[in-house]
Amino acid sequence: MTTFAELGLSPKLLKALEKTKMQDPTPIQAQAIPHIMKGSDLMGLAQTGTGKTAAFGLPLLHRLLDLGHPPAPKRVRALILAPTRELVNQIAENFMVFTKGTAIKVTMVVGGASLFKQAERLSKGSDVLVATPGRLIDLLERGDVFLDDCGYLVLDEADHMLDMGFIHSLNKIAKHIPVKRQTLLFSATMPKDIETLAATYLRNPVRVQVAPPGKPIERIVQGVYFIPNGDKAKLLETFLKKHPGEQALVFGRTKHGSEKLYKLLASWGFTAGSIHGNKSQNQRDKTLSDFREGKMDVLVATDVAARGIDIPGVRHVYNYDMPNVPENYVHRIGRTARAGAEGTAVAFCAPAEMGELQAIEKMLKKPIPVIGGAPWSAAAVAAAPKPVQGRGGQRPQGSGRPHGAGGKPQGAKPAVRSAVAKPAGAAQPAGGARPPRKSQGALSRGPQRWTS
Ligand code: ADP
Ligand code: MG
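This text gives an overview of the structure that appears in the document. (Residues numbered from 1 in each chain as written. Chains lettered and ligands numbered in written order. Predicted model: local features only at pLDDT ≥ 70, side-chain atom pairs only at ≥ 80, totals over all residues. Heavy atoms only, no water.)

## Regarding helix 11 (residues 255-267)
Test applied: Helix numbering and strand numbering both begin at the N terminus, where a helix is a DSSP run of H or I of at least 4 residues and a strand a DSSP run of E of at least 2. Helix span is expected to be 1.5 Å times the residue number reduced by one. Summary of the burial criterion: residues with accessible area below 20% of their type's maximum are buried, those above 50% are exposed, and those between are partly exposed, where the area comes from a 1.4 Å probe applied to protein chains only. Throughout, the arc means the angular range of directions from the helix axis out to the C-beta atoms. Two residues form a contact once any of their heavy atoms are found within 4.5 Å.
In this model helix 11 runs 18 Å from its N-terminal to its C-terminal C-alpha over 13 residues, within 8% of the 18 Å that 1.5 Å per residue would give. Among all positions in helix 11, only S258, E259, L261, Y262 and L265 are buried. The buried residues of helix 11 occupy one face: seen down the axis, they fall within an arc of 165°. Summarising the geometry of helix 11, the exposed residues directed more than 90 degrees from the buried face are H256, K260, K263 and S267. Buried-residue contacts for helix 11 involve helix 10 (232-242), strand 9 (247-251), strand 10 (272-275) and strand 11 (298-301).

## Describing the packing of aromatic side chains
Applied cut-off: The aromatic pairing rule takes the rings of Phe, Tyr and Trp, using the six-membered ring of Trp, and pairs them if the centres are within 6.5 Å, calling planes under 30 degrees apart stacked, those over 60 edge-to-face and the rest tilted. Put simply, a charge is over a ring when the Lys NZ or the Arg CZ is close to the ring centre, within 6 Å, and near the line of the ring normal, within 35 degrees.
Counted according to the given criterion, the structure contains 8 aromatic pairs. Taken together, a centroid distance of 5.6 Å and an interplanar angle of 50° make the contact between F239 and Y318 tilted. One end of the pair, F239, is in helix 10; the other, Y318, is in strand 12 (residues 314-319), and 79 residues separate them in sequence. In this structure an aromatic cluster arises from ring pairing among Y225, F239, Y318, Y320 and F348. In this structure, K232 is placed above the aromatic ring of Y320, and the distance from its NZ or CZ to the ring centre is 5.9 Å. The ring of W268 carries the charged tip of K234 above its face, separated from the ring centre by 4.6 Å.

## Focus: the packing of helix 1 (residues 11-18) against helix 3 (residues 52-65)
For clarity, the cut-off: Here, axes are lines fitted to C-alpha atoms. For helices the fit covers the stretch in contact, and angles between N-to-C directions go from 0 to 180 degrees. Should an angle fall under 35 degrees it is called roughly parallel, over 145 degrees roughly antiparallel, and 65 to 115 degrees roughly perpendicular, with every other angle called oblique. In this count, Pro and Cys sit with the nonpolar residues alongside Ala, Val, Leu, Ile, Met, Phe, Trp and Tyr, while Asp, Glu, Lys and Arg are called charged and the others, Gly among them, polar.
Following both chains from N to C, one finds helix 1 and helix 3 inclined at 135°, their axes separated by 9 Å at the closest point. In terms of axis orientation, helix 1 runs oblique to helix 3. Where helix 1 abuts helix 3, its residues K12, L13 and L17 lie against L58, L61, H62 and L65. For the contact of helix 1 with helix 3, a count of residues per class yields 5 nonpolar, 1 polar and 1 charged.

In structure tokens form, the structure reads like this:
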């Protein structure tokens, strides 16, 4: 087994690592670090929670430490782009830990915070700048920061950036960065658009992959519960009450729906919170830190707001609304069972969501075990009310921008999975309509089957 010292990292970094729980490199770290230290472009593919931040952070810092002189005013030596404010925060926090006791200057810029203060910090020069694309473009256009000294570009959570129509922003930013640079791309899943992105921005990249992309972490016990929308809140309550004191992350489709659900849960006595695009940065930070510190049991979040956030305590993920992009399923359930812990992931599937379920199972290449209800028949699906916002073609929340070349939510899917389609008329879920699958790690004891 490789150690961080054997990878040849700077003694300063090794010293900083001593004070953390990071004793030995994770597989993606062990594989990626040597290539990055040598200066290669690299594409790193690994599930969420596998330690990708340090996989690029440590070798990048190793190279920057070698320089030995401070960055010029308003200049940046290494740029890390991430899709959300929370992720930028998290990456910056990691870098603060790694650079403790060194002269490396880490700056972060995100939307929703003071532009003036950010400009002021940038004026002194940064070794590492961690940023969301939108805010960085603002600062570039104002002349508050220059990227002509930037020798490193990292695209973290690249697959999520595609969801957000990020290509356009990236094109704009990349024009400011010298072509002669090292570019690194990290992603949990590998949709075609990422290949395209890599072909555009990376040069002869080394490809490092530790587990098939799009494959959820094996330790997560998954299940799907077929339930009409109107009964989902009560079902969630049942699940939450079965696991008192264990932290749960609940995913909603819309900002409004997530807020309503959080308020309902709070009114039922759960210590709950919500994060989504309608909350201010301060509110989101406060909620996240409360959740991380265990002051809160249930967090309701939208995909965009929860992207990549690392909360080791999460034991249960509930897909209250099914994700409309199948890759998001993997990202969502990857919020649990982090760093070796156990986790469960339950999907609540209403008749109108059969298409989403089908798309997810196609991506997983296997069905999700049924733990309650039975798959909806074609007739039930046909009779289902459409969601408030059109599903196919709906813009991911939080993105004010149109989709770039590749930013595409999935189009509407045929609503019924052929394998379980029943003749019209057999509209209601009948227990046993789909034989329970054994030995797939189905939750040992699902809640009572609902009755219609
Ligand atoms: P990813 O970006 O792949 O989702 P993160 O970089 O956010 O993963 O890391 C996930 C968690 O694993 C974090 O809590 C991090 O501190 C922890 N971690 C990372 N590397 C190691 C390591 N080598 N040993 C122990 N824990 C680690
Ligand atoms: Mg990450």
